[in-house]
Amino acid sequence: MVHLKTLNIKETIKGVIIIGLYFILPSILYSPLLFLVNKGIINKVIAYLLLYIILTTFFMIIYHKDLIKDFKLFIKDKKNIMKVSYDCWLKGLAAMYISSIIITALNLAPNVNQEANLEILNKYPLLEFAFACILAPIMEELVFRRSLKKATNDTKLYAITTGILFGLIHVTSSLSQGLSMLVYLIPYSALGIAFGFAYSKTNNIYGTIIAHATHNFIALILSLLFGGLV
């Protein structure tokens, strides 16, 4: 049970609003982009990329002071920040791999999210790299790590909460295939929890952004070489 003394209600509400905007804004912003698609000015993939450029910029503006402050601190202590961030990432990656292997071995559910990403990667590799290695790490770390950073002083609660939320965004689009897709909450959340601990330990968002980008870059390279995403 969560003790109320560990929660900062004001910061929790702020975090919930930011996460809510992450889910609400795409449907609002995509309407004018869809108009351009229907007019044949751009295709759907370009519209998708533009949408996330706008969204990433929006969240960067919200947290611009933190980004500036953290960048100055990162330059001074980047070696230690990255060591901690990569150590946490490797632990999360191990948990992600082990749980994914078990899910595959038990044939619990096909990874629809992975299959969709592979299709986009094969058709538009440069756009997928831009999204997965630049836009997604920045936006997702700001939304799911920074937004709740001051919501609680309980490190474990923070890491687990942000990790599960991070996992949810990677499986919600697949739930139309059945609730069995929720099993992928385990591997995706494991990685999110690792990033949560990394941010708590370093108090610097650039460590998790870079670790996140590194993970996605390696995953895309492996998928190009072997046809599978991490």
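Residues numbered from 1 in each chain as written. Predicted model: local features only at pLDDT ≥ 70, side-chain atom pairs only at ≥ 80, totals over all residues. Heavy atoms only, no water.

So, the confidence of the model for the chain
Turning to step 1, where the next piece is worked out: Residues of the chain with pLDDT of at least 70 account for 87%, and the chain-wide mean is 88.
Turning to step 2, where the next piece is worked out: Mean pLDDT values for the elements of the chain range from 62 in helix α4 (residues 112–123) up to 96 in helix α7 (residues 185–202). (pLDDT = per-residue confidence, 0-100. Helix = DSSP H or I, 4+ residues; strand = E, 2+ residues; numbered from the N terminus.)

Description of the packing of aromatic side chains
Turning to step 1, where the next piece is worked out: Taken as a whole and judged by the stated rule, the model has eleven aromatic pairs.
Turning to step 2, where the next piece is worked out: Taking the centre distance of 5.4 Å and the plane angle of 50 degrees together, the rings of Tyr48 and Phe131 count as tilted. Highlighted residues: Tyr48 in helix α2 (residues 44–62) and Phe131 in helix α5 (residues 125–144), separated in sequence by 83 residues.
Turning to step 3, where the next piece is worked out: For Tyr48, a relative accessible area of 34% corresponds to the partly exposed category.
Turning to step 4, where the next piece is worked out: Owing to a relative accessible area of 14%, Phe131 belongs among the buried residues under this scheme.
Turning to step 5, where the next piece is worked out: Taken together, the ring pairs in this structure connect Tyr22, Phe23 and Phe144 into an aromatic cluster.
Turning to step 6, where the next piece is worked out: It is Lys149 that lies over the ring of Tyr199; its NZ or CZ is 5.4 Å from the centre. (Phe/Tyr/Trp six-rings, centres within 6.5 Å; stacked < 30°, edge-to-face > 60°. Buried < 20%, exposed > 50% of the residue type's maximum accessible area, 1.4 Å probe, protein only. Lys NZ or Arg CZ within 6 Å of the ring centre and 35° of its normal.)

Things to note about helix α3 (residues 64–105)
Turning to step 1, where the next piece is worked out: With 42 residues, α3 ought to run about 62 Å at 1.5 Å a step, yet its terminal C-alpha atoms sit only 44 Å apart, falling short of that.
Turning to step 2, where the next piece is worked out: Downstream of α3 by a residue or two, Asn107 has a phi angle that is positive, lying close to 55 degrees. (Expected span 1.5 Å × (residues − 1).)

As for a nonpolar patch on the surface
Turning to step 1, where the next piece is worked out: Taken together, the side chains of Phe217, Ile218, Ile221, Leu224, Leu225 and Phe226 define a hydrophobic patch exposed on the protein surface, amounting to about 600 Å² of accessible area.
Turning to step 2, where the next piece is worked out: One can find Leu224 in helix α8 (residues 205–226).
Turning to step 3, where the next piece is worked out: On the basis of relative accessibility, which here comes to 43%, the residue Leu224 falls in the partly exposed class. (Patch = residues over 30% accessible without salt bridge, like charges linked within 9 Å, V, L, I, M, F, W, Y side chains within 5 Å. Areas by Shrake-Rupley, 256 points an atom, 1.4 Å probe, with all protein chains shown as cover. Salt bridge = Lys/Arg side-chain N within 4 Å of Asp/Glu carboxyl O.)

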